[in-house]
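Topology and contacts: notes
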2 protein chains.
Amino acid sequence: MVDIATRVWNHKWKIDPIVRSLIDTDFYKLLMCQSVFRNKRDTRVTFSLINRSTHIPLAELIDEGELREQLDHIRSLSLSRGESTWLRGNTFYGKRQMFRSDFMEWFENLRLPAYHLERKGDQFELTFEGSWPEVMLWEIPALAVLMELRGRAVLDQMDRFELQVLYARAMTRVWEKIEGLRDIPGLSIADFGTRRRHSYLWQDWCVQAMREGLGASFTGTSNCKIAMNRELEAIGTNAHELPMVYAALAEGDSALAQAPYDVLSDWHDEHEGNLRIILPDTFGTSGFLEKAPDWLAGWTGIRVDSGDPVQAAEDAIAWWRSRGEDPSKKRVIFSDGLDVEKIRSLHHQFSGRVQPSFGWGTLLTNDFRNLVPQDSLAPFSLVCKAIEANGRPTVKLSDNPNKAMGPASEIERYKRVFDVGAQRAQDVIV
Amino acid sequence: MVDIATRVWNHKWKIDPIVRSLIDTDFYKLLMCQSVFRNKRDTRVTFSLINRSTHIPLAELIDEGELREQLDHIRSLSLSRGESTWLRGNTFYGKRQMFRSDFMEWFENLRLPAYHLERKGDQFELTFEGSWPEVMLWEIPALAVLMELRGRAVLDQMDRFELQVLYARAMTRVWEKIEGLRDIPGLSIADFGTRRRHSYLWQDWCVQAMREGLGASFTGTSNCKIAMNRELEAIGTNAHELPMVYAALAEGDSALAQAPYDVLSDWHDEHEGNLRIILPDTFGTSGFLEKAPDWLAGWTGIRVDSGDPVQAAEDAIAWWRSRGEDPSKKRVIFSDGLDVEKIRSLHHQFSGRVQPSFGWGTLLTNDFRNLVPQDSLAPFSLVCKAIEANGRPTVKLSDNPNKAMGPASEIERYKRVFDVGAQRAQDVIV
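None of these values were measured; they are calculated from a predicted model.

**Some remarks on the UniProt feature "modified residue: Phosphohistidine" (unreviewed entry) in chain A**
Residues and elements named next belong to chain A. According to UniProt, the feature "modified residue: Phosphohistidine" (unreviewed entry) maps to His240 in the numbering used here. Locating His240 in the fold gives a position in the loop between α11 (224-229) and α12 (241-249). Note on His240: relative accessible area 3%, which makes it buried. With residues near it in sequence (within four places) discarded, His240 still touches Leu279, Asp281, Thr282, Asp305, Lys385 and Lys396.

Below you can see the structure in the form of structure tokens.
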């Protein structure tokens, strides 16, 4: 077992790069990448870092040179032979050869494209431009680098035993969370915490602690590298970037209205079973469900990633019923701002009525709140999103207006096209 | 830094002997051993393990075979070249060549004598017989072995992450204790926790944490091996066994009454400065001080190891004053059942009036209370004492009748000879 505190102290970070592999990323990125590679390979996109926690002055906390060093290191990475073998040979969701040969050949030759980095006031402007399947792979490593460099700046000032006690406290906290989940019958929970993790070593520790502490209730991790190293299931399906980019590419309002279903139609052709999970909130959940084609109601489940999770799950249940489906056979994956109490209450509320499961993110892999003075290791809300596709702005509405993004005029147009009424704003913690 | 949890988990103990060196013992044992070697070499003594916490069924918790294995291992130890060099060449309390050549030659050839082990009900009878300077060196390793084997039986049932979290919690607790001592101006504190420690690796961790956390307020450790490895001061002076054995050897009541002063007279000839510390409670502090010769009042200080520490320190202050000494120049070493609150309040109460210092034992190196179910890692009150000298029983009265030992008739005789009146019983925690 890695002694994280000592590693942190000894190495002063020089020999521990933040991202150490092209598959140190979320599994759904690779699934989506293959889909994009097949269906929209030539789309030009721009991804941009967005710090929703504007009170965190990233450019003051993080040295630009160190940031460049880490980003350059990521650009030097390519798929290793063992990683390629694992992707080609492993069973994902019970299926062999999930990744097709043409995609794997492309991936084996991939290096991530150039980045654009500039300081703007106390924030960084960090953008990535190029072909969609290449640029999209920057999202997770870019977030992990920013999140961790901000932490390293704090850790670097700490002494050896202070560090060991910091990690001791954080370990105790994670373990107590795990103990708080142990007695839930039929719990199904996975690690979704790569992007805003404290560090790779820490995520790896959390994942292993989950495995020991929760046994079969722990279903796997979204992190491919950790899934490979620890022989766990890689977990994930798809994300907002697909409908966002498809929508941006749509010509006219009726094509726009159809875009989210086009995405899932492409997905339907490629995937079955547990990979057929609807993410309905990109442009508002209720309108999306109302207008959805019947074949979508036959999908395996739904992922709830914004808004009031209880309301979202109730809406899904009502929708399935209205389409003649049995909600108790449907999976509902909660993945927004989870922590023990929310997991417990959602499980309690929906177990039996649906098949609830949980994608536990930042408060699993980065709950360093209140462990150091000024709370300077607490996670914050950082995202890296597609902001443009073939020169057109992208939009996300979400079920929480605090998570909306895009130019104001486009947001208005999308709200009209997708018939989004009043929304309830909710704090975005992480 | 050693990852203790992993070491515990990986090795399943086979390659981590509990006692790994003849100097993995308290420094005062070696000082006393040299004194005994010089003054009472041929005395035959019996030391015996005494479990004051009779509710802990040691013989049920500890496998006799494992116990023999550890004790046999200790009998195989001899002083290494590096250890001998350190004892011969190091400066102790500012003095070079503290250990004389004849003693060192004897020590270099020493193997610990045989032990006698028998199960009696749910307890072990463990005794050591032979010449005093040899047998006395069994005390600390024997205690450490019993204390740790009882812990290992519990740890052996724990999984990898459970263990890591156990140590994380224990580390956090020690660190919080250290933080609770940091702001005390002029604090002077040493580790006295070898005998009832959780383990060697754990004591070593605690000592290093004390050094980082307390800086110059941490004056050193009683453990010679750790002092040597970590380049710290070895701390200690003398203990009850000297007056207990001298008293047992005394012919008649008047020789008995004189025995405690004979001990210190021999010590006075050998040592000066910080090594001239009176331990007055063996047969009751107040009678001891009252009848003490004037030259004893000139000693550097006193160690308070039983009874009410405030009362004991006040008695010492009054005594010094009555002998024309300035108490503010005297050292008072508190070493009985210390933890943060007691240390803080004693320091606050006596700083300036005397020079207080603290020998922090079991609740530094073995505070695993309430960390596992049934509290089965909590320390308990185990001692290993001289019970006979040249065929005569030894007696200890102490300032706490719960710490008294010896045959009832002898206890009565000693109480009469040393004029001990009513005593207040206090719980013995560790």
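Resuming the write-up.
**A closer look at the pairing of strand β7 (residues 218-221) of chain B**
Residue and element names in this part refer to chain B. Of the strand pairs in this sheet, strand β6 (residues 189-191) and β7 are connected by three bridges, and their pairing is parallel. Its bridge partner being in β7, Ile189 is matched across the sheet by Phe218. Each parallel crossover has a hand, and the one from β6 via helix α10 (residues 200-214) to β7 is right-handed.

**Some points on the sheet that holds strand β12 (residues 382-389) of chain A**
Sheet strands line up and pair through hydrogen bonds in the backbone, either parallel or antiparallel. Residues and elements named next belong to chain A. Pairing is antiparallel across the open sheet formed by five strands, whose spatial order is β4-β5-β1-β12-β13. Since the sheet does not close on itself, it has two edges, and those belong to β4 (115-120) and β13 (392-393), each with one partner. As paired strands, β12 and β13 are joined by two bridges and run antiparallel to one another. Paired with Ala389 across the strands is Arg392, a residue of β13. The strands that helix α4 (residues 64-75) touches are β4 and β5 (123-131); relative to β4, the one it contacts most, it runs at about 170°.

**Side note on the relation of the copies chain A and chain B**
Turning chain A through 180° and shifting it by 0.1 Å along the axis lays it on chain B, with an RMSD of 0.0 Å. Accordingly, the operation relating the two chain copies is best matched by a two-fold axis. Considering only C-alpha atoms, the part of chain A nearest the rotation axis is A:Ala168, at 2.0 Å. Comparing interface residues between copies, 100% of those in chain A also sit at the interface in chain B, which points to an isologous, same-surface contact.

**Here's the deal with unusual backbone geometry**
A positive phi angle is found at B:Gln97, which is not glycine, with a value near 50°. Relative to the helices and strands, B:Gln97 resides in the loop between β3 (95-96) and α6 (101-108).

**Considering the UniProt feature "domain: Nicotinate phosphoribosyltransferase N-terminal" (unreviewed entry) in chain A**
With numbering matched to this structure, UniProt assigns "domain: Nicotinate phosphoribosyltransferase N-terminal" (unreviewed entry) to residues 23-146 of chain A. Annotated as residues 23-146 of chain A, this span is 47% helix and 22% strand, and its ends, taken at the C-alpha atoms, are 18 Å apart.

**Overview of the packing of helix α2 (residues 27-39) of chain A against helix α13 (residues 253-270) of chain A**
Residues and elements named next belong to chain A. Running from amino to carboxyl end, α2 crosses α13 at an angle of 105°, the nearest separation of the two axes being 11 Å. One way to sum up the angle between α2 and α13 is to call them roughly perpendicular. Taking contact as the criterion, the partners of Leu31, Met32, Gln34, Ser35, Arg38 and Asn39 in α2 are, on α13, Asp266, Trp267 and Glu270. Along the lines of polarity and charge, the residues of the contact of α2 with α13 split into three nonpolar, three polar and three charged.

**Structural notes on the side chain of B:Arg196**
All names here are of chain B. Tracing the backbone through its elements, the reader meets Arg196 in the loop between β6 and α10. Summary of buried charges: Arg196 has no salt-bridge partner, and the nearest side chain of opposite charge, Asp336, is 7.0 Å away. Among the polar contacts made by the side chain of Arg196, one reaches the main-chain carbonyl oxygen of Leu382 at a distance of 2.5 Å. Excluding its chain neighbours within four sequence positions, the residues that come into contact with Arg196 are Met147, Thr362, Thr365, Asn366, Phe380, Leu382, Val383 and Val430.

Criteria and cut-off values
Residues numbered from 1 in each chain as written. Chains lettered and ligands numbered in written order. Predicted model: local features only at pLDDT ≥ 70, side-chain atom pairs only at ≥ 80, totals over all residues. Heavy atoms only, no water. UniProt positions renumbered as here; feature names shortened; annotations may be inferred. Helix = DSSP H or I, 4+ residues; strand = E, 2+ residues; numbered from the N terminus. Buried < 20%, exposed > 50% of the residue type's maximum accessible area, 1.4 Å probe, protein only. Contact = heavy atoms within 4.5 Å. Pairing = 2+ DSSP bridges. Right-handed = clockwise from strand over helix to strand, strands pointing away. Axes fitted to C-alpha atoms, helices over the stretch in contact; angles between N-to-C directions. Least-squares fit on C-alpha atoms with pLDDT ≥ 70 in both. Parallel < 35°, antiparallel > 145°, perpendicular 65-115°, else oblique. Nonpolar A, V, L, I, M, F, W, Y, C, P; charged D, E, K, R; others polar. Lys, Arg positive; Asp, Glu negative; His and termini not counted. Salt bridge = Lys/Arg side-chain N within 4 Å of Asp/Glu carboxyl O. Polar contact = N/O pair within 3.5 Å; in protein donor to acceptor, adjacent residues only side chain to side chain.

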